[in-house]
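Observations on the model geometry
Spelled out, the chains give:
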Amino acid sequence: MELLKENLKLLQAVSSILFVLIIYCSSKKKSNAPLVGVEPGILGYLKAPYRWKQDPMSLLKEGAEKYGKYGKAFRITTPSRDMIVFSNQEVLEELKTLPASVATFRPAGDTMIRSEYNFHEGIIQDAYHVDLMRKNMTEKLSSLLPDVVGEVTDAFEELTDVKNEWTNVNVLDTSVGVIARVTSRIFVGLPTCRNQEYLNHMIQFSLNVMKSATVIDVLPWFLRWIVASFFLKKKDSQDIIVKHVGGLFETRQKTEMPHTSSATTTSDAIQWILDAAPPGTPTLKLVQRLMVFNFASVHTSSITLAHALYDLAANPEFQDPLCIEIEEGLRTEGGWTKQALTKMKKLDSFLRESSRMNGVNIVTVVRKVITSHTFIDGTYAPKGVWVCAPAATLHLSSELYENPEIFDGFRFYRMRQLEGNAHNYQMASPSLGYLPFGIGKFACPGRFFATNELKIAVAYILCNYRLRLNGGVCGKKPPNLFSGIVCMPNPTVGIELKKREGREKSVLFPGHVTSYSL
Ligand code: HEM
């Protein structure tokens, strides 16, 4: 009897706490943005978050159709959290300029990669490396170009074996291989950038981070560490990466004074991180910063390259005009200079159009709300909620683009010809209607480097090879695939390459360009 009484008391106490919790949670003010993706019935409500996992693009399209195209915000619910989606250009302008005390990218970035499990807690929030990287990569773009050119050429030739007949090339794998080499050349230099073990683990580690973050995000907290440590084997790759680059940090620390002008030191990611890191930072934490750079740059750039190659294969009419422009630029500038790249406006337009139609992330400008805020359209965003822009549907909006569903490689080139537009509509210039790199204070700091790297890679491949979709089908690029918010080319239709006629040497070597005819 006593035991029963005790248990009853315990039950009463637990139910009172639950009652208070339920009242507290339901009394918290929720967003007034309407929810999309809920089918009728209680099951429909329960299933809604999983629609985001299965078919995120259809949810965005549904929201755009019902609300976005009328300038209204909507809400999607995912297994981990709700997100408010803004398409209205005035609200996006407000979002772009909100102070970090109201809405910010970095805490959301930490959650997206689950930094506390995959790297160390708050690695993005405490992004001391980003400003230095932004400054160095942009300032030194010209001097980095010869290395980029060299690695693109060597890596592409090593990874493929294309002769005079049409040959199948796995463009996604090849793009990852080429971009990983180029990025590593800039970040860690020779010879590590060519070490296949390092490259494989660096690529694998980034994939594991994406997978583990996706799984961890939907797990209760007490299962997270188990999944992170046992199932995802992240430590194996991390150990190998530390084996290859840990020593580079330590040697540099011993031989060069940190915080000296980079004019007297090697300018690579090792140095940028060392220059910005608080004194005494352990080697593992330094290496993890480098791994975050790799994570941010390799898969984003390689998926963008693969999409561009698919677009070239599906729209072969652009191949010769682009090649003529590239060779003209090289000839007049005497080789691969920043000026030559700037002159390649058609190529820039083609890449921007490819990113418009196939941006790597279907939502960007993801921000976590730090202080509850009511946006100018009246949408209430409570503290803690995530907000974002639906890049993929905005890029296909007929309010913003003429014939948005049609791939028009020279769309932006023509727009730049209009008076006053010469410097607008470039691949690396975000606008409220073009958001592959986000926008505002947290816009991608690697976008200028990425754009030049992509231009060089596409130019090299295009001017040395012809591309077509498998079997020579034109204009039928297979529909993209979506994994979470990532938009990938669909490999069910492959790509074939064959050498361009009359080219014995790469056009990337100055001096050879004049000997080619189309
Ligand atoms: C085509 C390739 C790339 C795409 C599509 C891309 C896309 C993005 C996007 C959408 C964001 C978030 C911006 C926002 O929310 O406003 C971002 C941030 C970032 N990206 Fe990129 N990126 C690319 C290449 C690179 C490269 C090559 C690097 C490094 C060299 C890089 C480093 C970063 C970093 C460090 C951030 C976080 C910025 C911060 O915390 O302030 N990205 N990128």
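Residues numbered from 1 in each chain as written. Predicted model: local features only at pLDDT ≥ 70, side-chain atom pairs only at ≥ 80, totals over all residues. Heavy atoms only, no water.

**Structural notes on the coordination of the iron atom of the ligand**
Exactly one protein atom donates to the iron atom of the ligand; that atom is Cys444 (SG), 2.3 Å from the metal. With respect to the helices, strands and loops of the structure, cysteine 444 is situated in the loop between helix 19 (411-417) and helix 20 (447-464). (Donors = N, O, S within 2.8 Å, 3.2 Å for Na, K, Ca; no water. Helix = DSSP H or I, 4+ residues; strand = E, 2+ residues; numbered from the N terminus.)

**Structural notes on the confidence of the model for the protein chain**
Across the protein chain, pLDDT averages 88, with 88% of residues at or above 70. Confidence drops under a pLDDT of 50 for residues 18-27, and excluding neighbours within four residues, the segment shows one contact in the predicted structure. The low-confidence segment residues 258-264 (pLDDT under 50) makes eight contacts with residues lying over four places distant or belonging to another chain. (pLDDT = per-residue confidence, 0-100. Contact = heavy atoms within 4.5 Å.)

**Looking at the side chain of serine 354**
On the secondary structure map, serine 354 appears in helix 17 (residues 345-358). Residue serine 354 is classed as buried on the basis of its relative accessible area, which comes to 2%. If sequence neighbours within four positions are ignored, serine 354 has contacts with His307, Ala308, Asp311, Gly359 and Phe407. (Buried < 20%, exposed > 50% of the residue type's maximum accessible area, 1.4 Å probe, protein only.)

**Some details on the packing of aromatic side chains**
Tallied over the entire structure, the rule returns 17 aromatic pairs. Between phenylalanine 156 and tyrosine 460, the aromatic rings sit 6.0 Å apart at their centres with planes inclined by 75 degrees, giving edge-to-face as the arrangement. One end of the pair, phenylalanine 156, is in helix 8 (residues 141-159); the other, tyrosine 460, is in helix 20, and 304 residues separate them in sequence. In this pair, the class of phenylalanine 156 matches that of tyrosine 460, namely buried. With a centroid separation of 6.5 Å and an interplanar angle of 80 degrees, the aromatic rings of phenylalanine 187 and tryptophan 272 are classed as edge-to-face. (Phe/Tyr/Trp six-rings, centres within 6.5 Å; stacked < 30°, edge-to-face > 60°.)

**Some remarks on the sheet that holds strand 12 (residues 495-499)**
Pairing in this open sheet of three strands is antiparallel, and the strands run 4-12-9 from one edge to the other. Of all strands in the sheet, those bounded by a partner on one side alone are strand 4 (167-169) and strand 9 (465-469). Neighbour-to-neighbour, the strand axes of the sheet open up by a mean angle of 40 degrees, direction not taken into account. Here three bridges tie strand 4 to strand 12, and the two strands are oriented antiparallel to one another. Bridge pairing in strand 12 places asparagine 168 opposite glutamate 496. Set on the sheet, helix 14 (residues 283-314) makes contact with strand 9 and strand 12; between it and strand 9 the angle comes to about 85 degrees. (Pairing = 2+ DSSP bridges. Axes fitted to C-alpha atoms, helices over the stretch in contact; angles between N-to-C directions.)

**Thoughts on the packing of helix 10 (residues 196-218) against helix 14**
The interhelical angle for the contact between helix 10 and helix 14, taken along N-to-C directions, is 80 degrees, at an axis separation of 10 Å. The angle between the axes of helix 10 and helix 14 places the two elements in the roughly perpendicular class. When helix 10 is examined against helix 14, the residues Tyr198, Met202, Ile203, Phe205, Ser206, Leu207, Val209 and Met210 are found in contact with a partner set consisting of Leu290, Met291, Asn294, Phe295, Val298 and His299. Its residues placed into classes, the contact of helix 10 with helix 14 shows 11 nonpolar, three polar and no charged. (Parallel < 35°, antiparallel > 145°, perpendicular 65-115°, else oblique. Nonpolar A, V, L, I, M, F, W, Y, C, P; charged D, E, K, R; others polar.)

**Description of the site of the ligand**
Neighbouring residues of the ligand: 25 residues in total, closest Arg106, Arg367, Ile439, Phe442 and Cys444. Within the side chain of arginine 106, one N or O atom sits 2.9 Å away from an oxygen atom of the ligand. In this structure, isoleucine 439 approaches the ligand through a main-chain N or O atom, which is 3.1 Å from an oxygen atom. Elements represented by at least two residues in the shell around the ligand include exactly helix 7 (128-139), helix 14 and strand 5 (364-369). When residues of the shell around the ligand are assigned to their parent elements, the largest contribution, five residues, is made by helix 14. Each residue belonging to the shell around the ligand can be placed in one class, and the counts come to 15 nonpolar, seven polar and three charged. (Near = heavy atom within 4 Å. Polar contact = N/O pair within 3.5 Å; in protein donor to acceptor, adjacent residues only side chain to side chain.)

**Section: the sheet that holds strand 3 (residues 103-104)**
Think of a sheet as strands paired side by side through backbone hydrogen bonds, with each pair either parallel or antiparallel. In space, the five strands of this open sheet follow the order 1-2-8-5-3, with mixed pairing throughout. Of all the strands in the sheet, the pair left with one neighbour each is strand 1 (74-77) and strand 3. Where strand 2 (residues 82-85) meets strand 8 (residues 386-389), three bridges bridge the pair, whose relative direction is parallel. Counted as the bridge partner of methionine 83 is tryptophan 386 from strand 8.

**So, helix 17**
The first and last C-alpha atoms of helix 17 sit 20 Å apart over 14 residues, in line with the 20 Å expected at 1.5 Å per residue. Buried residues dominate helix 17, accounting for 11 of its 14 residues. Those residues of helix 17 that fall on the buried side of the exposure criterion are Leu347, Asp348, Ser349, Phe350, Leu351, Arg352, Glu353, Ser354, Ser355, Arg356 and Asn358. Buried residues along helix 17 sit in contact with helix 14, helix 15 (319-333), helix 19, helix 20 and strand 11 (486-488). (Expected span 1.5 Å × (residues − 1).)

**So, the pairing of strand 1**
Here strand 1 shows two buried faces, one formed by Phe74 and Ile76 and the other by Arg75 and Thr77. Relative to strand 2, strand 1 runs antiparallel, the two being bridged by four bridges. Each residue of the ladder has a partner; that of isoleucine 76, found in strand 2, is methionine 83. Between strand 1 and strand 2, which pair antiparallel and follow one another directly, the connecting turn spans four residues.

**Considering unusual backbone geometry**
Cis geometry marks the peptide bond from leucine 190 to proline 191; its omega dihedral reads -5 degrees. With respect to the helices and strands, the residue proline 191 is situated in the loop between helix 9 (171-187) and helix 10. Look at valine 365: it is not a glycine, yet its phi comes out positive at around 50 degrees. Mapped onto the fold, valine 365 is located in strand 5. Of note, the phi angle at tyrosine 425 is positive, near 55 degrees, even though the residue is not glycine. Structurally, tyrosine 425 is set in the loop between helix 19 and helix 20. For tyrosine 425, a relative accessible area of 28% puts it in the partly exposed group.

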